[in-house]
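So the chains spell out like this:
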Amino acid sequence: MSSKNLAEESIQGTGGEAPPSLSGGPDALNPRSSVIMMLLLMASQVINQVDRAVLAVAAPDIMRDLGLSAGQYGLLASSFYFFHSITGIVVGLWLSHRIRPLLMVIWLIAIWAVVQIPPLIFASFATLLLSRIILGAAEGPSIAAAVAATHEVFPPDKRSIPTSLIWIGALVGAVAAPPGLAYSISLFGWRAGFALCALLSALLLIALLLAWRAGIGREAPPEHQASPPVARPTPETGGALRHWLHPAVVLITLAGFCSYWMTSFAFSWMFPMFNLGWGWGPVSASWATSFVFLWCSVPLLAVSFISQKMLRRGIDFKRSVILPVAACLLMGATFLIGAGLTEAVVGKFVLFALGVGLMPVVGATMTIVISHVTPATHRNKLLLVLTASIAFAGLPSPYVSGLLIERSAEHGYDYAILCGAAIAALGGLLTLRLFFSNAVHPPKD
């Protein structure tokens, strides 16, 4: 079943009627326009991954042409993450409630397109460094903004599949970017990779501007407009801090951090582990890496589809959404423990892939939980800030894993996998705590 068919099925009610329009226009929120918007937002995450991969794929040519050392290239690669999470938090705190999520995505993609141009004209270490810093800062809030925009064009009980498709867009980009960029660079040189990124961003920008002009995502949905203005906070509606400290929000965010630890390990160390640790050749290691990222989309979409079906059949939210997250974390931890203890390389790879593949389910479902327990007036802010916050696991995970790998030449990678398994298990226990609590309920206001 295609992504479009799944999305169309997810927004059709039992009677086949489309939900009401958000902006008042006849096509603002009908099934077709909602699916188109979701696919455009999914494409934004594909491009996000292409932008991230272009430097790595072009690295040999860049180092040769600009005379860069390995240390200088390492600094370029790290610079993408200097402000990646910070901008997501800043945007979430100060802009999410002032700017419609779709408009935020449009501005971010405009920056993506522009910052790819200077390296084409003034190719130097300094230009590349500044370009990557700005690009990383502009891509930090992108997935949360895309999810928030998606949640504004889908009703609450039909958000699971569209949300997962946004996250799957990132996985598709991670799988497809290396071969596509390598082919372009082999034909036209490393600058062609940056030109391709700029072109893709520009084309998507035009498509999103046309959607914005058509009214999709421009105006606040009825759930925002329904809240009457008040002169001062009251015990029921005042005090935004209580939404941040909501037990469900705190626990699911901590679980998201635990899952992202292993995801960031996969992005940083998976290829070196296959190549250097397990002795596979570069071609075999690259195909194995692509396979793992491709596999990640399977449980992500499957769990979301099952959760949404359960919700539509009237099964309560905790059993439909929370319990599958706990199961993914605990099963993933079990597979990873097996991978760390198994000696046979084939078995180790299978168990590792199974464990890593269950981790993205948590990040995608986290946004569903936050939207479920948070009032619409605070939802976008929490989505952007907390989705960006779990990416902070990407700072210690590669470094701690590197220390473990360096400490033991023979079993270092196994120790790093077992460390990730322990943290995933902790996330599973936190999610079980949420499941057995009474904290998961829609907001009163």
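*Asks:* Could you give an account of the packing of aromatic side chains, with specific residues and numbers?
*Replies:* In total, this model carries 10 aromatic pairs according to the counting rule given. Relative to F352, the ring of F274 lies with its centre 6.2 Å away and its plane at 85°, an arrangement referred to as edge-to-face. With F274 in helix α13 (residues 247-277) and F352 in helix α16 (residues 345-357), this pair connects stretches of sequence that are 78 residues apart. Here a set of aromatic residues connected by ring pairs shows up, and it is made of F265, F274, W278, W280, F291, F349 and F352. Stacked on the ring of F435, the Lys or Arg K318 has its end atom at 5.7 Å from the ring centre.

*Asks:* Help me get a handle on the nonpolar core, residues and values and all.
*Replies:* Membership of the largest hydrophobic core comes to 99 residues, with the highest contact counts inside it found for L208, F274 and F352. It is α13 that contributes the most residues to this core, 11 residues altogether. Contact partners of F274, with chain neighbours within four places excluded, come to G279, W280, A285, A288, T289, V292, F349 and F352. A53, I62, L128 and W190 belong to the second-largest nonpolar core, a separate cluster that totals 17 residues.

*Asks:* Can you lay out helix α15 (residues 317-341) for me, pointing to particular residues and giving the numbers?
*Replies:* Along its 25 residues, α15 runs 36 Å from first to last C-alpha, staying within 8% of the 36 Å computed at 1.5 Å per residue. When the local axis directions of α15 are compared, the greatest deviation, roughly 30°, occurs at L323, which is followed within four positions by the proline P324. The N-cap residue of α15 is D316: its side-chain oxygen and the backbone nitrogen of K318 are 3.2 Å apart.

*Asks:* Describe the environment of V153, and please don't skip the residues or the numbers.
*Replies:* The residue V153 is located in helix α8 (residues 142-153) in this model. Spatially, the C-alpha atoms of V153 and M37 are 8.3 Å apart, while their sequence positions differ by 116 residues.

*Asks:* So what about the pattern of salt bridges? Which residues, and what values?
*Replies:* In the structure shown here, the tally under the stated rule is five salt bridges. Put simply, R64 and D61 hold a salt bridge, and the shortest N to O gap is 3.1 Å. Of this pair, R64 and D61 both sit in helix α2 (residues 31-66), three residues apart, roughly one helical turn. A relative accessible area of 56% means that R64 is categorised as exposed. Put simply, D65 and R64 hold a salt bridge, and the shortest N to O gap is 3.5 Å. A relative accessible area of 42% places D65 in the partly exposed class.

*Asks:* Explain the confidence of the model for the chain to me, and be specific about the residues and the numbers.
*Replies:* Scored by pLDDT, the chain has a mean of 80; 83% of the residues are at 70 or more. The least confident element of the chain, judged by mean pLDDT, is helix α1 (residues 3-10) at 45; the most confident is α16 at 95. Counted against residues more than four places away or in other chains, residues 6-28, with its pLDDT under 50, gives 53 contacts. The model gives residues 224-238 a pLDDT under 50, and that stretch makes 16 contacts with residues more than four places away or in other chains.

*Asks:* I'd love a proper account of the packing of α8 against helix α9 (residues 160-188), names of residues and values included.
*Replies:* It is the contact of α8 with α9, at a shortest axis distance of 10 Å, that shows an interaxial angle of 155°. Judged by the inter-axis angle, α8 sits roughly antiparallel to α9. You can see that α8 and α9 cross each other, and the crossing is right-handed. Where α8 abuts α9, its residues I143, A146, V147, T150 and H151 lie against P162, T163, I166 and W167.

Basis of the calculations
- Residues numbered from 1 in each chain as written.
- Predicted model: local features only at pLDDT ≥ 70, side-chain atom pairs only at ≥ 80, totals over all residues.
- Heavy atoms only, no water.
- Phe/Tyr/Trp six-rings, centres within 6.5 Å; stacked < 30°, edge-to-face > 60°.
- Helix = DSSP H or I, 4+ residues; strand = E, 2+ residues; numbered from the N terminus.
- Lys NZ or Arg CZ within 6 Å of the ring centre and 35° of its normal.
- Core = buried A, V, L, I, M, F, W, Y, C linked by side-chain atoms within 4.5 Å.
- Buried < 20%, exposed > 50% of the residue type's maximum accessible area, 1.4 Å probe, protein only.
- Contact = heavy atoms within 4.5 Å.
- Expected span 1.5 Å × (residues − 1).
- Bend = angle between axes of the 7 residues up to and from the residue.
- Polar contact = N/O pair within 3.5 Å; in protein donor to acceptor, adjacent residues only side chain to side chain.
- Salt bridge = Lys/Arg side-chain N within 4 Å of Asp/Glu carboxyl O.
- pLDDT = per-residue confidence, 0-100.
- Axes fitted to C-alpha atoms, helices over the stretch in contact; angles between N-to-C directions.
- Parallel < 35°, antiparallel > 145°, perpendicular 65-115°, else oblique.
- Left-handed = near helix turned anticlockwise from the far one by under 90°.

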